[in-house]
Amino acid sequence: MRPDYLTRIWRPMAVPIVAALIGASLLPAVTLATNAKPDLNTLAGKVAALRSTAGLQVRFSSFIEQEAQEAAPPPPTSAAITPTFVPGSPLDGTSVAAPAVTVNQDTAGAPQNETAIAVDPNNPSRIVAAANDYVSRTWACSIDGTPCSALGDGYSGTYVSNDGGQTWCCNSSGPADLGTLIPGVTKLTGGQYDAGGDPALAWDSRGHVFYAGLGFNRASAPNTVAVNRGTFDGSGKLSWGAPTFINATTSPSVFNDKEWIAADHNVASPFRDRVYVTWTRFVFSPATGSYVQSPIFFASSSNGGATFSSPKAISGNVLYGQGSRPVVGPDGSLYVFWEGSTRLASLNSTYVVKSTDGGASWSKPRAVSQLTDSAPLKNTVFRVNSFPAGAAAPNGDLYATWTTATDSDTLSGDTGCAPWLGPVATGCRSYAVYSKSTDGGATWSAPARVFSPSTRTTDGYPVTQPNHEMLDAPASAGPVEDIFPAIGTAPDGTVYIGAYRGDVVSPWQTCAAGPPPPVGRLDCDTLGDYIHNTRLDYVVTNLSATHTMSKHPINTRNGFGGGFFGDYTDLSVGSDGQFHAFWTDSNNKQSVVWFYGFEFTPTPINQQDVVTASGSF
């Protein structure tokens, strides 16, 4: 997360902080690559400002970047669209296969992605899951003559199971039937923001579940972190209360991103049922429009989420960070992991801070390990990151997992795979690693690979190109890469880690000509050449045995044109020792009729759904 020229970029980033002390005229200004001041009132402007900072590796969440490029509501059309060709592959599945279970219950081809899951600590049969849910983009209704699907956006979907994850509820079919869409944040659900999402979940010890997410507008500045409390009635029905907004702002120079939530459900803890939220506060210069810093912030609630403490920065001198994850230990100690860097760091690190007094005070940041940010997996285009996940075992042992890029056995940061430091080695790949602490986070083991090395398999070759030439399988299939690891611990101390593994490479036919998105995601006018395409499986290990939970490789080209498949996966373990892995899959095929304000003749597509599988081993 550092630029390539330390004195030219990092020091100017401190201008808004230190100018009052030493005089702004003594410090040079940050020069954006575009030489134009971005419009910080818009989401797209903030994304442009961040990406224009030369050499910088910190990014907004993939969800925010995807939302920033989403199209405005389309003009009405007079006739339903019949696609010439629908992007897809004969190797795609038609339904998710057991043991995986589809969690979202809509049937109109709405995408879901970015998964969070949590098991009731007092009832292992009760599970709540959440995802970015675009179900309103397919609603077959209208408001004042405008299709609901044109007014819909990325929302916060939640789902509940009362039988250990075998079946799930509920569906959302329109503004009058929100199902378990989070209320009070987005405009179509009674709130003030255009869009919401980026979900995280946590349970307290009294049967309440808490949802944390974002609320924001695309074309104006307001944004917030939102927390809703969920309660269950005697029949197992989940209802969500009104949101509590944290750090709500209308300032164009501040943006809240990538929040996560934890709750202390240990009945013996001195901080029983305290709710903790962390997030990234992106700060920009109002004068120049340039990125300044992105520290990790924290707030807590001691009254069931009704109110939260004043936000405070907890990342110390690690001012350039993202992807925070709070974890509560069995003694009530609170740990927050994130990916970040200090001003003069050559590589990023996974950092951790600790609080033993319920978040009132914090330790200085400690680097668990250096890392090199993962680049998109070989033969894929979806956005990735190296954000950490963490867990605490019942005996107090701590675990952190993340991905790092390397072309060797160097798992603690490989400078040869860092493009901001020079040419990148051709063999750089993304691997999931983990580290363990047995002394309350004071020291950490050297990173170790989560999965044993293996080689991609090939499928579907050869294929005939439009020019009648043949595309053969790659001469060297290459190693399997990992992305988006998740972690949980069982009551007996067993550690489970799940992640995507890019283990299959197959042909994908590109679109040579067609309408722009969003219609172009469903309609291709002219097919183009085949390219190599890596497909994923979701794999879980207990660091000894390893099981593939998905039974058909997952094609990430479906859904959002291949560019967005979420930012993370999740895994939770119940008091019965059963893990519940939760990921985005694209093997369900459903028919779309309404999509982003456009009407289609019923068109079967493979869309993004969220699925879970459970077990123990």
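Per chain, residues are indexed from 1 in the order of the written sequence. A pLDDT threshold of at least 70 governs which residues receive local features in this predicted model, and a stricter bar of 80 or more applies before side-chain atom pairs are shown or counted, although totals over entire chains, interfaces and linings include all residues. For the side-chain quantities, the full set of heavy atoms in the structure was used; hydrogens and water were omitted.

Colleague: Would you explain the overall build of the protein chain in this entry?
Modeller: Every helix listed is a DSSP run of H or I at least four residues long, and every strand listed is a run of E at least two residues long, numbered separately from the N terminus. Scanning the protein chain for helices and strands turns up five helices and 36 strands. Two things to know: the radius of gyration comes from C-alpha atoms, and the globule rule equals 2.2 Å times the number of residues to the power 0.38. For the protein chain, the C-alpha radius of gyration of 23 Å lies close to 25 Å, the compact-globule estimate for 617 residues. Seen through its C-alpha atoms, the protein chain measures out along the principal axes to roughly 60 × 60 × 55 Å. Expressed as a percentage of its 617 residues, the buried residues of the protein chain come to 60%. Every residue pair with non-hydrogen atoms within 4.5 Å of one another is taken to be in contact. Taking the intrachain contacts of the protein chain between residues at least 6 apart in sequence as the baseline, contacts between residues at least 24 apart amount to 64%. For each residue, the accessible area found with a 1.4 Å probe, counting protein chains only, is set against the maximum for its type, and the residue is called buried under 20%, exposed over 50%, and partly exposed in between.

Colleague: So what exactly am I meant to see when it comes to the state of the cysteines here?
Modeller: Each disulfide consists of a covalent bond between the sulfur atoms of two cysteine residues. By definition, disulfides here are pairs of cysteine sulfur atoms that lie within 2.5 Å. By the definition in use, this model includes four disulfides. There is a disulfide in this structure between Cys169 and Cys170, and the S-S distance comes to 1.5 Å. Sign of the S-S torsion, about 55 degrees for the bond between Cys169 and Cys170, identifies this disulfide as right-handed. The partly exposed category is assigned to Cys169, whose relative accessible area is 31%. A disulfide bridge connects Cys417 with Cys428, and the sulfur atoms are separated by 2.0 Å.

Colleague: Looking at this model, I keep getting lost on the sheet that holds strand S36 (residues 609-615). Mind explaining?
Modeller: Hydrogen bonds along the backbone pair up the strands of a sheet, which may run parallel or antiparallel. Spatially, four strands are ordered S1-S36-S33-S32 in an open sheet, and the strand pairing comes out antiparallel. The sheet is open, and its two borders are formed by strand S1 (101-102) and strand S32 (570-573), each paired with just one other strand. For two strands to be treated as a pair, DSSP must find no fewer than two bridges joining them. Across seven bridges, strand S33 (residues 579-585) lies against S36 in antiparallel orientation. Paired with Phe582 across the strands is Thr612, a residue of S36.

Colleague: So what exactly am I meant to see when it comes to the environment of Leu40 here?
Modeller: Considering the arrangement of structural elements, one finds Leu40 in the loop between helix H2 (15-22) and helix H3 (43-51). The sequence separation of Leu40 and Ser220 amounts to 180 residues, and the corresponding C-alpha distance is 8.5 Å. Here Leu40 is in contact with Gly45, Lys46, Ala49, Pro252, Ser253, Phe284, Ser285 and Gly289, once residues within four sequence places are set aside.

Colleague: What is the right way to read the packing of aromatic side chains from this model?
Modeller: The geometry of two aromatic rings is summed up by the distance between their centres and the angle between their planes. In this analysis, rings of Phe, Tyr and Trp, with Trp reduced to its six-membered ring, are considered paired at centre separations within 6.5 Å, and the interplanar angle assigns stacked below 30 degrees, edge-to-face beyond 60, and tilted for intermediate values. In total, this model carries 29 aromatic pairs according to the counting rule given. Between the aromatic rings of Trp279 and Phe297, the centroid separation amounts to 6.1 Å while the plane-to-plane angle is 35 degrees, which identifies the pairing as tilted. Of the two residues, Trp279 sits in strand S13 (residues 275-284) while Phe297 sits in strand S15 (residues 296-301), which places them 18 residues apart along the sequence. We note that Trp279, like Phe297, is buried. An aromatic cluster is built from Phe60, Phe63, Phe216, Phe255, Phe282, Phe284, Tyr291 and Tyr320, whose rings are joined through pairwise contacts. Above the face of the Phe232 ring, Arg126 is positioned so that its terminal group lies 4.2 Å from the ring centre. Note on geometry: a ring has a charge over it if NZ (lysine) or CZ (arginine) is within 6 Å of the ring centre and within 35 degrees of the ring normal. The ring of Phe297 has Arg281 sitting right over it, with the charged end atom 3.8 Å from the ring centre.

Colleague: Quick question: what am I supposed to make of the nonpolar core here?
Modeller: Where a protein is soluble and globular, its nonpolar side chains tend to be buried together. Among the buried residues, those of types Ala, Val, Leu, Ile, Met, Phe, Trp, Tyr and Cys that are joined through side-chain atoms within 4.5 Å form a nonpolar core. Core analysis: the biggest nonpolar cluster contains 64 residues, and Ile64, Val128, Leu201 and Ile261 have the highest contact counts within it. Sorting elements by how many residues they give to this core places strand S8 (residues 209-216) first, with six residues. Setting aside residues up to four positions removed in sequence, Leu201 forms contacts with Ala116, Ile117, Ala118, Val128, Ala129, Ala130, Val209, Phe210, Tyr211, Trp240 and Ile261. Counting residues in hydrophobic clusters, the runner-up holds 24 residues, among them Phe382, Ala581, Trp583 and Ala613.

Colleague: How should I be thinking about the pattern of salt bridges in this particular structure?
Modeller: Opposite charge on two side chains makes pairing possible when the charged atoms of those side chains draw close. Salt-bridge detection follows one rule: a side-chain nitrogen of Lys or Arg within 4 Å of a carboxyl oxygen of Asp or Glu. Evaluated as defined, the whole model comprises 13 salt bridges. Here Asp273 and Arg272 are joined by a salt bridge, their closest N and O atoms 3.7 Å apart. On the basis of relative accessibility, which here comes to 11%, the residue Asp273 falls in the buried class. Take Arg272: its relative accessible area is 33%, and that puts it in the partly exposed class. Through salt bridges with shared partners, one network takes in Arg51, Glu65 and Arg383.

Colleague: Can you help me understand the pairing of strand S3 (residues 123-133) in this one?
Modeller: Residues in a regular strand point their side chains to alternate faces of the sheet. Summarising burial for S3: eight of the eleven residues are buried, a large majority. Across eight bridges, strand S2 (residues 112-120) lies against S3 in antiparallel orientation. Considered in S3, the bridge of Ile117 is made with Ala129. Judged from the seven bridges that link them, S3 and strand S6 (residues 155-161) form a sheet pairing that is antiparallel. By the bridge assignment, Ile127 is partnered in S6 with Ser161.

These figures capture arrangement, not role.
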